[in-house]
Amino acid sequence: MAKFIVGTSKGLKGNVAISGSKNAILPILAATLLTEEECVIKSVPVLSDVTALCSMLSDMGIDIVFQKEQEAIWIKAKNILKTEADYEKAGKLRGSFLIMGPLLARCKEANIPLPGGCPIGSRPVDLHLKGFSALGAKTQQAHGSIHITAKQLKGDKIYLDFPSVGATENIMMAAVLAKGVTTIVNAAAEPEIIDLAVFLKKMGADISGEGTDTITITGVKKLHGAEHTVMPDRIEAGTFMIAAAITKGDIMIENVVERDLKPILAKLSEANVKTEKIAEKTLRVYTTAKLQPISLKTMPFPGFPTDMQAPFMSLLSVIKGTSVITETVFENRFLHAGELQRMGAKINIESRSAIIEGVEKLTGTQVKATDLRAGAGLILSALAAEGKTEISDIYHIERGYYHIEKKLKKLGADICKVQ
Ligand code: EPZ
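Residues numbered from 1 in each chain as written. Predicted model: local features only at pLDDT ≥ 70, side-chain atom pairs only at ≥ 80, totals over all residues. Heavy atoms only, no water.

1. Some remarks on helix α4 (residues 100-107)
Each full turn of the α-helix corresponds to 3.6 residues, which orients residues three or four apart in the same direction.
Reasoning step 1: Most of α4 is tucked away: 6 of the 8 residues are buried.
Reasoning step 2: Every buried residue of α4 is listed here: Met100, Gly101, Pro102, Leu103, Leu104 and Ala105.
Reasoning step 3: Elements that come into contact with the buried residues of α4 comprise α1 (22-31), β6 (109-113), α5 (126-134), β8 (145-149) and α6 (165-175).
Reasoning step 4: Phi for Lys108, located one or two positions after α4, is positive at around 65°. (Buried < 20%, exposed > 50% of the residue type's maximum accessible area, 1.4 Å probe, protein only. Helix = DSSP H or I, 4+ residues; strand = E, 2+ residues; numbered from the N terminus. Contact = heavy atoms within 4.5 Å.)

2. Some thoughts on the environment of Ser314
Reasoning step 1: Here Ser314 is to be found in helix α10 (residues 309-316).
Reasoning step 2: Overall, Ser314 belongs to the buried group, its relative accessible area being 1%.
Reasoning step 3: Each C-alpha atom, one on Ser314 and one on Leu177, is 45 Å from the other, the two residues being 137 residues apart in sequence.
Reasoning step 4: Residues within four places of Ser314 in sequence aside, it is in contact with Ile246, Leu340, Gly377, Leu378, Leu380 and Ser381.

3. Looking at the site of the ligand
Reasoning step 1: Neighbouring residues of the ligand: 22 residues in total, closest Asp126, Leu127, Ser164, Asp307 and Val329.
Reasoning step 2: Backbone polar atom of Leu127 to an oxygen atom of the ligand: 2.7 Å apart, as the coordinates give it.
Reasoning step 3: Protein coverage of the free-state accessible area of the ligand, which is 830 Å², stands at 88%.
Reasoning step 4: Broken down by secondary-structure element, the contributors of at least two residues to the shell around the ligand are α1, α5, α6 and α12 (372-384).
Reasoning step 5: Tallied by class, residues from the shell around the ligand come to 10 nonpolar, 5 polar and 7 charged.
Reasoning step 6: Both domain 1 (3-17 + 232-418) and domain 2 (25-229) contribute no fewer than three residues apiece to the shell around the ligand. (Near = heavy atom within 4 Å. Polar contact = N/O pair within 3.5 Å; in protein donor to acceptor, adjacent residues only side chain to side chain. Areas by Shrake-Rupley, 256 points an atom, 1.4 Å probe, with all protein chains shown as cover. Nonpolar A, V, L, I, M, F, W, Y, C, P; charged D, E, K, R; others polar. Domains from an automatic or database assignment.)

4. Thoughts on the domain arrangement of the protein
Reasoning step 1: Domain boundaries assigned for the protein yield domain 1 (3-17 + 232-418) and domain 2 (25-229).
Reasoning step 2: The gap between the C-alpha centroids of domain 1 and domain 2 is 30 Å.
Reasoning step 3: Every contact between the two is made by 18 residues of domain 1 and, on the other side, 19 residues of domain 2.
Reasoning step 4: Across the interface of domain 1 and domain 2, roughly 1600 Å² is buried in total on both sides, 57% from carbon and sulfur atoms.
Reasoning step 5: A per-residue breakdown of the area domain 1 buries against domain 2 is headed by Phe301, Arg399 and Tyr402, which together make up 37% of the total.
Reasoning step 6: Counting across the domain 1 and domain 2 interface gives 2 salt bridges. (Buried area = accessible area lost by both parts, 1.4 Å probe. Salt bridge = Lys/Arg side-chain N within 4 Å of Asp/Glu carboxyl O.)

5. Comments concerning the sheet that holds strand β22 (residues 389-392)
Reasoning step 1: With mixed pairing, the 4 strands of this open sheet are ordered in space as β21-β22-β1-β23. Single-partner strands in this sheet number two, and they are β21 (366-368) and β23 (414-418). Within the sheet, the average angular offset between the axes of one strand and its neighbour, ignoring direction, is 25°.
Reasoning step 2: Note that strand β1 (residues 3-7) and β23 share 5 bridges and pair antiparallel. Residue pairing for β23: Val6 is matched across the bridge by Ile415.
Reasoning step 3: Its contacts with the sheet put α12 on β1, β21, β22 and β23, and the angle it makes with β1 is roughly 30°. (Pairing = 2+ DSSP bridges. Axes fitted to C-alpha atoms, helices over the stretch in contact; angles between N-to-C directions.)

6. What to know about the sheet that holds β8
Reasoning step 1: Strand order across the open sheet formed by 3 strands is β6-β8-β7, with antiparallel pairing between neighbours. Edge positions in the sheet fall to β6 and β7 (138-142), since each of these pairs with one other strand and no more. With direction set aside, neighbouring strand axes in the sheet form an average angle of 15°.
Reasoning step 2: For β7 and β8, the ladder comprises 5 bridges, and the chain directions are antiparallel. In the sheet register, Gln141 faces β8, and the bridge partner there is Ile146.
Reasoning step 3: α4 contacts β6 and β8 of the sheet and is inclined by roughly 160° relative to β6.

And the structure:
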């Protein structure tokens with residue numbers, strides 16, 4: 001299995017360009033099922049989650065070409081030959097469940113394996129199914145799959161008990177071709193929801209309120225093809241900001257949307273990390289004086305993003321003083337703490353909170369990526385640690401970070417990938 005070998009890397013410097021957002025491209029790819037016309041998606045990150053979803057779609061008879069050098073996907077769902085997804089492939093990524101809404105809207109049925117849980121939590125889909133049932137669909141679970149059918153979807157008012165990103169996206173995609181008006185109350189407001197809504201409106205959908213907690217969708221008869229450039233990945237951007245802070249470097253981060261980064265910038269500034277807007281889509285991140293311990297709590301947008309929790313824990317573990325992280329979104333998202341402790345971090349987990357006593361330095365050793373963002377956090381700690389760190393199970397990291405070792409190496413990091 002491939003590994004990353006990371007050596008101490010002080011003072012990362014230079015420019016890094018952020019790729020398209022993994023959590024935006026996955027629902028947008030699913031949304032192309034809503035039309036039989038061709039769609040062109042640009043700024044697509046070449047990630048294993050994306051190629052896995054493309055493979056699932058082509059198994060269903062969708063014409064799809066992923067031009068990786070151009071980071072572009074040409075896709076045309078003229079004929080959808082089957083409405084069930086292969087267990088093996090669907091199990092590889094949670095994003096596969098996002099094809100349920102579009103299949104229901106377009107084909108009036110779908111048969112999708114329940115997305116497995118993953119290290120960070122059980123990942124239920126009850127809110128997705130609550131939305132589909134409200135629109136008139138019949139759902140039944142058998143042999144680990146959800147089979148869903150509907151004669152005619154009819155708009156309705158749907159209250160989400162939790163502002164679930166995936167449920168908001170799936171319900172939106174089911175509602176765009178339903179009869180009448182659908183209102184999603186307590187909807188997720190993440191930037192990726194806005195990007196999906198922008199793409200759906202380019203296809204002819206009638207949506208308003210995206211980015212707020214109430215989204216209204218008025219069903220239309222048909223959707224047409226569209227072209228779209230995926231928004232930049234705000235979590236990749238945040239990860240590189242931490243790379244600048246933890247190595248006391250000075251990095252120019254290009255292709256960012258400042259609005260999407262507000263909660264991350266707020267917490268970096270509390271920790272005394274300096275950021276400066278150099279151009280419309282370029283941010284400079286650097287440090288001048290001692291960094292400060294902070295408390296942070298992960299919340300749905302516009303709160304602090306749960307996906308930035310592990311990278312931030314790496315930074316806080318080497319800032320003198322006591323920091324507290326509270327994880328309110330997923331029930332088991334502190335797995336990286338154990339790996340950081342092996343590098344010398346002083347972290348005490350008390351149910352949903354991690355109490356971190358910053359240490360002078362971490363020391364390199366063998367560690368294992370337990371999930372996507374935990375793996376990214378381990379790379380960050382390894383950059384600051386004394387000695388070499390060997391990170392295994394890096395397939396987790398490559399699900400969500402395009403060329404992370406190349407981008408870091410260009411900034412002066414001592415990192416290489418070995419088989
Ligand atoms: C999306 O997952 C992202 N994935 C996650 O990113 C991200 O951490 C998460 O949103 C929160 O921002 C993609 O977009 C592909 P949720 P999703 O539904 O949609 C509970 C990464 O690292 N819930 O908002 O699955 C659930 O258990 C990944 O890029 C229900 O109870 O997240 C969790 O506690 C990790 N019932 C909470 O809501 C449901 O039906 C948030 O889940 C759905 C969710």
